[in-house]
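Topology and contacts: notes
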2 protein chains.
Amino acid sequence: MFTIHDMDEADAIERYVTEGTPESAAIVGGGYVGIEMAEALSARGLDVSLYEMLPNVLQPFGEAVADVVEDHLRDQGVDLHLDTAVAGFAGEGRVDEVHLDGGDSHSADIAIVGVGVKPNAALAENAAIERGPTGAIATDEYGRTSAANVYAAGDCAEDFHVVTGEPEHVPLALTANRAGRAIGQTVTGSPTVVGETAGTAIVKAFDLGAARTGIVDEERARDAGFDPVSVTITDATRPHYYPGNEEIQVMLVADRETGAVLGGSVVGRDGAKRIDTVATALHGGLTVTELQNADLAYAPPFSPVWDPVLTAAKVLAGKLER
Amino acid sequence: MFTIHDMDEADAIERYVTEGTPESAAIVGGGYVGIEMAEALSARGLDVSLYEMLPNVLQPFGEAVADVVEDHLRDQGVDLHLDTAVAGFAGEGRVDEVHLDGGDSHSADIAIVGVGVKPNAALAENAAIERGPTGAIATDEYGRTSAANVYAAGDCAEDFHVVTGEPEHVPLALTANRAGRAIGQTVTGSPTVVGETAGTAIVKAFDLGAARTGIVDEERARDAGFDPVSVTITDATRPHYYPGNEEIQVMLVADRETGAVLGGSVVGRDGAKRIDTVATALHGGLTVTELQNADLAYAPPFSPVWDPVLTAAKVLAGKLER
């Protein structure tokens, strides 16, 4: 048996293909990579099992959204194992079996491991450049590191969180792209701040879109000094009479004392990009009441009169008043 | 001949149906009603002509978006007459002909007139309740009129514009719905502000969605004391390699001095609800640079790395620097 820890840390996604046509796949980790691979391999006709160590897939999206995604994964035929840690794999030169922490083992022709991202800051470490609290390279608002004239951007570097103002590690494409562009402008003579991150993310899970922004987790909110209050609503993307109407869930979190929106998540067959409204509210420092009063676009082909984000804000505002 | 002005002002949409099966329709007015009716009647197989007095349909959406919609209307077989005022209709007990201001006439079996909305404030007028600068009933932030204990909401009443702070008349569903709800709370003992309007609107035009928010018109911006700078970009709703990728146009307007976002519009086969990001930016008082730095959601099924709204903000920020 070989374990996940035998694998190269910096290259967390590895693939072991059988000779012949694979018929089953074991996916370890129910994040973006795991869910996208579950969809892709199911589309190729493989029997897919997904093992997630935590109680939910997509943990950073909150339990309400994760529950919807999990039901959908099962509906699509994915054999979902939550609270299930994988100990390692067995096989000779290829994978035959997945061994679970409890001692069980399942057969699989392919294994895909996508268990998160750690910043590769070895280069910085060797150069005695400071790492921040997240383990990624510490930067200031211009992307400057602790070494003069050395900047860092992308998956190796920290950013600042728009809600907490604290260093954050968000290894996603827009974060990297934006920081690279800002640093490019700064070093060529036009000082440009990198901009804060909200940790906004979106993922396709078969027929669903799921998205998140800001602080979704109540414990995380409390750690940051907030008194979080949250709601999850089930709504529709259009008026009931309009064709193409789909169910959508919106979860919002706010601070009881200030009413500030802290974060949220969205899941549905359509309209997960509505998370951008919540993300923009975070950048604008809106309270729940201000978000509830935002003048969003309505016409029956596009939205109910109250966009689901507004309805979530309305319900949350009511909860904050109590 | 009878003229549009013979019709009841308060009931601006009238329909004159022929005996037998109508084969052609004349639509007067290229706003929401006109465009939605053009689509509906085309779907029923009628030859549709649309007459618009102004140089563009959807004038409040700005010329760039209107141009895209006009091309699409023509592609869909609508006989579009811009800069064309209708003088009246001829026929005995029904419409036979549309007479244009210049003297031309076109035959039509149906005529639909949707030439805008005027507040019906007669009741208020008779009660000596004040009307505001827009002609609608003047209200304060709680929807109170000039008469004690009399509130006004909906298409007859004014709201306040989120960008200018000035009274505005926005006869749309969300505005009315929200004001009614807030006033209901206020009169039952929980004083609740109505909230400001951005004049956000969205309309389906055959296969396109078009949307607008805030101040789109540069002349209007100048009248409100701003020095407007605007851009229109053509972008894609997804990365080029991803299925379902569609063209999208985003127009943004900002104030040169403060960099504040003033408004914008969007048009495309998909993604017109992206206007909500711009609307939320208006409610948050974001500058173009702050909007450019908003952390919006990216994954290939949903967006390019830089959402088209971010790209528009980036281009506009570049223009503001010059």
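As the structure is a computational prediction, the values presented were derived from the model and not from experiment. (Residues numbered from 1 in each chain as written. Chains lettered and ligands numbered in written order. Predicted model: local features only at pLDDT ≥ 70, side-chain atom pairs only at ≥ 80, totals over all residues.)

1. What about the domain arrangement of chain A?
Residues and elements named next belong to chain A. How we decide: Where each domain starts and ends follows an automatic or database-derived domain assignment. Residues are scored as being in contact if the C-beta atoms we place from backbone atoms lie within 7 Å. Starting at the N terminus, helices and strands are each numbered in turn, a helix being any DSSP run of H or I of at least four residues and a strand any DSSP run of E of at least two. Charged residues are taken to be Asp, Glu, Lys and Arg, nonpolar residues to be Ala, Val, Leu, Ile, Met, Phe, Trp, Tyr, Cys and Pro, and polar residues to be all remaining types, Gly included.
On domain assignment, one finds that chain A holds domain 1 (4-113), domain 2 (122-187) and domain 3 (201-321). Spacing between the C-alpha centres of domain 1 and domain 3 amounts to 30 Å. Taken together, the 15 residues of domain 1 in the interface contact 15 residues of domain 3. Put simply, the parts of the chain that give the side of domain 1 that touches domain 3 at least two residues each are α1 (32-43) and α2 (63-75). Sort the elements by how many residues they give to the side of domain 1 that touches domain 3 and α2 lands first, with six residues. Broken down by class, the residue content of the side of domain 1 that touches domain 3 amounts to 10 nonpolar, three polar and two charged.

2. Observations regarding the interface of chain B and chain A
At the junction of the two partners, chain B supplies 40 residues and chain A supplies 42 residues. Put simply, the parts of the chain that give the side of chain B that touches chain A at least two residues each are α4 (173-187), β10 (201-205), β11 (208-214) and α6 (275-283) of chain B. The leading source of residues in the side of chain B that touches chain A is α6 of chain B, at seven residues. Tallied by class, the residues present in the side of chain B that touches chain A amount to 22 nonpolar, 12 polar and six charged.

3. With respect to the relation of the copies chain B and chain A
Condition: What sets the superposition is a least-squares fit of C-alpha atoms, and only residues with pLDDT of at least 70 in both copies go into it.
Between the two copies, chain B and chain A, the superposition gives an RMSD of 0.0 Å; the rotation angle is 180 degrees and the shift along the axis is 0.0 Å. In symmetry terms, the pair is related by a two-fold rotation axis. The rotation axis passes nearest to the C-alpha of G284 of chain B in chain B, at a distance of 2.1 Å. Both copies present the same face, since 100% of the interface residues in chain B are matched by interface residues at the equivalent positions in chain A.

4. Looking at the sheet that holds strand β4 (residues 86-90) of chain B
All names here are of chain B. Stated formally: Two strands pair if DSSP finds at least two bridges between them. Axis definition: a line fit to C-alpha positions, over the contact stretch in the case of helices; interaxial angles, taken between N-to-C directions, run 0 to 180 degrees.
Strand order in this open sheet of three strands is β4-β5-β6, and the pairing throughout is antiparallel. Edge positions in the sheet fall to β4 and β6 (105-107), since each of these pairs with one other strand and no more. The average undirected angle you get between the axes of adjacent strands in this sheet is 25 degrees. Across four bridges, β4 lies against strand β5 (residues 97-100) in antiparallel orientation. Pairing of A90 across the sheet is with E97, part of β5.

5. Digging into the pairing of strand β2 (residues 47-51) of chain B
All names here are of chain B. What counts here: Any residue surrounded by 20 or more other C-beta atoms within 10 Å of its C-beta is treated as buried, while 12 or fewer makes it exposed and the intermediate range makes it partly exposed; C-beta atoms here are placed from the backbone.
When you tally the buried positions in β2, you get four out of five residues, the bulk of the element. As paired strands, strand β1 (residues 24-28) and β2 are joined by five bridges and run parallel to one another. Counted as the bridge partner of A25 is V48 from β2. Of the pairings in the sheet, the one linking β2 to strand β3 (residues 79-81) comprises three bridges and is parallel in character. Paired with L50 across the strands is L80, a residue of β3.

6. Describing the environment of G45 of chain B
Residues and elements named next belong to chain B. In this fold, G45 is placed in the loop between α1 (32-43) and β2. Taking the C-beta count within 10 Å as the criterion, G45 has 10 such neighbours and is therefore assigned exposed. When the C-alpha positions of G45 and G62 are compared, they lie 30 Å apart, and in sequence the two are 17 residues distant.

7. Section: helix α2 (residues 63-75) of chain B
Residue and element names in this part refer to chain B. This is how it is decided: Expected span of a helix: the number of residues minus one, times 1.5 Å.
Over its 13 residues, α2 extends 18 Å from the first C-alpha to the last, a length consistent with the 18 Å expected when each residue adds 1.5 Å. Within α2, burial applies to V65, A66, V68, V69, E70 and L73. Where α2 terminates, the next one or two residues include G77, which has phi positive at roughly 95 degrees.

8. Quick look at unusual backbone geometry
Residue and element names in this part refer to chain B. You will see that D83, though not glycine, has its phi angle at about 50 degrees, which is positive. Here D83 shows up in the loop between β3 and β4. We classify D83 as exposed; it has 11 C-beta atoms within 10 Å. The backbone phi angle of A128 is positive, close to 60 degrees, even though this residue is not glycine. Of note, A128 is situated in the loop between α3 (122-126) and β8 (159-160). By C-beta crowding, A128 is classed as exposed, having 8 other C-beta atoms within 10 Å.

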